[in-house]
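Survey of secondary and tertiary structure
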Amino acid sequence: MDEVLLRSLTPGVLAVLVRRGADFAAAEDAVQEALIEAVRVWPAEPPRDPKGWLVTVAWRRFLDATRSDTARRRREDRVEEEPPPGPAAAADDTLQLYFLCAHPSLTPSSAVALTLRAVGGLTTRQIAQAYLVPEATMAQRISRAKRTVSGVRFDRPGDVATVLRVLYLVFNEGYSGDVDLAAEAIRLTRQLAAAIDHPEVAGLLALMLLHHARHATRTTPDGALVPLAEQDRGRWDTVAITEGVAILQAALARDRLGEFQAQAAVAALHADALTAEETDWVQIVEWYDELVRLTDSPVVRLNRAVAVGEADGPRAGLAALAAVPDSVPRRTAAAAYLHERAGDLPTAARLYAEAAHRSPTIPERTHLTRQAARLNAHLRP
Amino acid sequence: MAKYLLLKHYRGAPDAVNNIPMDQWTQDEITAHIQYMNDFAARLETTGEYVDGQALSPEGTFVRYDGEGRPPVTDGPFAETKDLIAGWMVIDVDTYERAVELAGELSAAPGAGGKPIHEWLELRPFLTPTHTVTDCTMHTATD
């Protein structure tokens, strides 16, 4: 049984229940139960109409739960009065679910959890494992999130930017547990792109595809980081790159630039270069200039300084870095690299060690410690 | 979505404001303190921010490898050890500010006289096993 196909039906099934008058929280529970039932039953008895099967089972579960409620009489009456679902546009319903699960009243972690369950069809256990928290904690996070959005009207248009931020967070979480969150983020963004025509949705999808294309080469089998310049470009996923570039070009042609399109453009320029030396750093700097204009983020300024260092030499890079506040993560690592390129190895070694000390992740810390050790071995008399 | 360790020390942290040791509290004060800690953990579970909490015995043993074929060497406990961990709580929160807020609440647990202890708790971010992929287009170090 194709679990991804099963999960891709989740938002459509949930939307049908909500359209029939089920409240979101109860409908979501019922759909989750139907998904679990499908995993159990489908391998032996594959249904002819998978979505219809899920709707039937979920609706039955919803009615069972409702009947056992104290307000049984009233709710049943209401359910029976409810007209059968009309030919509501499925894409619209899916879009509404994305808006609801990324509602601005939710904290980022709640929005992520709710999106993965209600739109992605993942179980609470899978989400908990992916985020390395106890299942009970994740269950609470999700039910709280559902309570928070319980008063939100389902048909109210939301802000697509909030949805993109949630999907971007999921993508960045990468991989742990048995769910590949980056792949799941791509699937959810693709589904969103099918539901709404928006250049930044396309931009984010392109960005994810272009980054994920390099996924296999970014670390060694034992988990050590491989810098972009040293990655085996022959192992980049050309199918994903081709798709990402095509999606990006179509989005850029509409002349409504946003930060995800600009970030994707940088990623596309890296993907374009057959060797690290062929990278068009001048154009990359131009895209970072656009990003500075769009976001004015210090992280972007840091990345721009590194690109300037490649385009115009390490001295220029260090000059650009001077404007980046000390507190920006990875600034010290960038300074170490630029000093090394400029030939100041003692300073570079010291900064690599300092950057390792301040690093937020284990692979980065190991990588930066190795860089310091490499230079220190070189510097010893 | 970041994990933090709230570390409670037997020794090694600066002195608490209400620094009377627990064995000199009244029994009701001890009960109130334990209730506060349990309520705090339970509340974190309902907010979906709780990961783990453990308390440690104050006395432990130091152990080290002593060469091929030899049993490990043990030593201690050392009464003079400056830093002694009493226990911890692991939380998973959206922001550093939220982590500080929760540590502040935990530090307000009641002690002698039913007054907050104002105990110093150490807040340490976890190093994450994976790295975020796109927020660091640092072409040089980590892509």
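Residues numbered from 1 in each chain as written. Chains lettered and ligands numbered in written order. Predicted model: local features only at pLDDT ≥ 70, side-chain atom pairs only at ≥ 80, totals over all residues.

Filter applied, for reference: UniProt positions are given in the numbering used here, feature names are shortened, and annotations may be inferred rather than shown by experiment.
Naming follows an unreviewed UniProt entry, where chain B appears as YCII-related domain-containing protein of Actinacidiphila cocklensis. Among the UniProt annotations of chain B, the heading Sequence similarities (unreviewed entry) holds the following wording: "Belongs to the YciI family."

Chain A carries the name RNA polymerase, sigma subunit, ECF family in an unreviewed UniProt entry, which gives Actinacidiphila cocklensis as its organism. Looking at the Sequence similarities (unreviewed entry) heading of the UniProt record, one finds this comment for chain A: "Belongs to the sigma-70 factor family. ECF subfamily."

**Remarks on the overall build of chain A**
Worth spelling out the cut-off: Secondary structure elements follow DSSP: runs of H or I no shorter than four residues count as helices, runs of E no shorter than two count as strands, and numbering proceeds from the N terminus. Three exposure classes are used. Buried residues have 20 or more other C-beta atoms within 10 Å of their own C-beta, exposed residues have 12 or fewer, and partly exposed residues fall in between, all C-beta atoms being placed from the backbone. The contact criterion used here is simple: two residues whose C-beta atoms, placed from the backbone, lie within 7 Å are in contact.
Looking only at helices and strands, chain A features 20 helices and two strands. For chain A, the spread of C-alpha atoms along the three principal axes comes to 85 × 45 × 40 Å. When each of the 381 residues of chain A is scored for burial, the buried share is 45%. In chain A, once contacts between residues fewer than 6 apart in sequence are set aside, the share between residues at least 24 apart is 61%.

**Section: the overall build of chain B**
Put simply, the rule reads: For a compact globule the rule gives 2.2 Å times the number of residues to the power 0.38, and the radius of gyration it is set against comes from C-alpha atoms.
A count of helices and strands for chain B gives two helices and six strands. Reading chain B from its N terminus to its C terminus gives the helix and strand order β-α-β-β-β-β-α-β. Taking 15 Å as the expected radius of gyration for a compact globule of 143 residues, we find that chain B reaches 19 Å, considerably beyond that expectation. In terms of overall dimensions, chain B has C-alpha extents of about 60 × 50 × 25 Å along its principal axes. Counting only residues that meet the buried cut, chain B has 22% of its 143 residues in that class. Partitioning the intrachain contacts of chain B with sequence separation of at least 6 by distance along the chain shows that 73% fall at a separation of at least 24.

**Details of unusual backbone geometry**
The linkage connecting glycine 76 of chain B with the following residue, proline 77 of chain B, adopts the cis geometry, with an omega of 0°. Mapped onto the elements, proline 77 of chain B comes out in the loop between strand E4 (73–75) and strand E5 (84–93).

**Describing helix H19 (residues 345–358) of chain A**
Residue and element names in this part refer to chain A. Here is the rule we go by: In this analysis, the expected span of each helix is defined as 1.5 Å times one less than the number of residues it contains.
Between its first and last C-alpha atoms H19 spans 20 Å; for 14 residues at 1.5 Å apiece the expected length is 20 Å, and the two agree. For H19, the complete set of buried residues consists of Ala348, Ala349, Leu351, Tyr352, Ala355 and Ala356. Those residues of H19 that are buried are in contact with helix H18 (331–341) and helix H20 (362–379).

**Quick look at the UniProt feature "domain: YCII-related" (unreviewed entry) in chain B**
In the numbering adopted here, UniProt assigns the feature "domain: YCII-related" (unreviewed entry) to residues 24–107 of chain B. A distance of 19 Å separates the end C-alpha atoms of residues 24–107 of chain B, which is 39% helix and 26% strand.

**Notes on the UniProt feature "domain: RNA polymerase sigma factor 70 region 4 type" (unreviewed entry) in chain A**
Those places that UniProt annotates as "domain: RNA polymerase sigma factor 70 region 4 type" (unreviewed entry) correspond, in this numbering, to residues 98–148 of chain A. With 73% helix and 0% strand, residues 98–148 of chain A has end C-alpha atoms that lie 15 Å from one another.

**Remarks on helix H4 (residues 50–67) of chain A**
Residue and element names in this part refer to chain A. In a regular helix each residue adds 1.5 Å, so 18 residues correspond to 26 Å; H4 covers 26 Å between its end C-alpha atoms and thus fits that length. When we look at burial in H4, the residues that qualify are Trp53, Leu54, Val55, Val57, Ala58, Trp59, Arg61 and Phe62. The secondary structure elements touched by the buried residues of H4 are helix H2 (10–19) and helix H3 (24–41).

**Quick notes on the domain arrangement of chain A**
Residue and element names in this part refer to chain A. Quick note on the threshold: In this document the domain limits rely on a domain assignment from an automatic tool or a database. For this scheme, ten residues count as nonpolar: Ala, Val, Leu, Ile, Met, Phe, Trp, Tyr, Cys and Pro. Four count as charged, namely Asp, Glu, Lys and Arg, and the remainder, Gly too, count as polar.
Taken domain by domain, chain A holds domain 1 (1–88), domain 2 (89–194) and domain 3 (197–268). Contact residues are listed per partner, giving 18 residues for domain 1 and 20 residues for domain 2. Contributions of two or more residues to the side of domain 1 that touches domain 2 are made by helix H1 (3–8), H2 and H3. A per-element tally of the side of domain 1 that touches domain 2 places H2 first, with seven residues. Classifying every residue of the side of domain 1 that touches domain 2 by side-chain character gives 10 nonpolar, four polar and four charged.

**Some remarks on the packing of H19 of chain A against H20 of chain A**
Residues and elements named next belong to chain A. We count it as follows: Each axis is a line fitted through C-alpha atoms, taken for helices only over the stretch in contact, and angles between the N-to-C directions span 0 to 180 degrees. Note that the term roughly parallel is reserved for angles under 35 degrees, roughly antiparallel for angles over 145, roughly perpendicular for angles of 65 to 115, and oblique for everything else. Should the near helix be turned counterclockwise from the far one by less than a right angle, the crossing is left-handed, whereas a clockwise turn marks it as right-handed.
In contact at an axis separation of 8 Å, H19 and H20 are set at 155° when each is read in the N-to-C sense. Looking at the two axes, H19 sits roughly antiparallel to H20. At the point where H19 passes H20, the crossing takes the left-handed sense. Across from Leu345, Pro346, Ala348, Ala349, Tyr352, Ala353, Ala355 and Ala356 in H19, the residues of H20 making contact are Arg365, Leu368, Thr369, Gln371, Ala372, Leu375, Asn376, His378 and Leu379. Split by residue class, the contact of H19 with H20 holds 12 nonpolar, four polar and one charged.

**Considerations on the packing of helix H13 (residues 238–252) of chain A against helix H14 (residues 259–272) of chain A**
Residues and elements named next belong to chain A. Direction vectors running N to C along H13 and H14 enclose 140°, while the axes themselves pass 10 Å from each other. Between H13 and H14, the angle is such that the two are oblique. The two elements H13 and H14 cross, and the hand of that crossing is left-handed. Residue-level inspection shows Ile241, Gly244, Val245, Leu248, Ala251 and Leu252 of H13 in contact with H14, the latter providing Gln261, Ala264, Ala265, Ala268 and Ala271. When the residues that make up the contact of H13 with H14 are grouped by side-chain class, the tally is nine nonpolar, two polar and no charged.

**Some remarks on the sheet that holds strand E2 (residues 50–55) of chain B**
Residues and elements named next belong to chain B. We apply this condition: Two strands make a pair as long as DSSP finds a minimum of two bridges between them.
Taking strand neighbours across the sheet as the criterion, the four strands line up as E2-E5-E1-E6 in an open arrangement whose pairing is antiparallel. Edge positions in the sheet fall to E2 and strand E6 (122–125), since each of these pairs with one other strand and no more. Averaged over all neighbouring strand pairs, the angle between strand axes comes to 20°, with direction disregarded. Alignment of E2 against E5, held across five bridges, turns out to be antiparallel. Opposite alanine 55, over in E5, you have glycine 87 as the bridge partner.

**Details of the confidence of the model for chain A**
Just so we agree on the cut-off: A score from 0 to 100, pLDDT tells how confident the predictor is in each residue.
Confidence along chain A averages 91 in pLDDT terms, with 93% of residues attaining 70 or more. A low-confidence stretch, residues 82–89 of chain A (pLDDT under 50), is modelled with seven contacts involving residues beyond four sequence positions or located in other chains.

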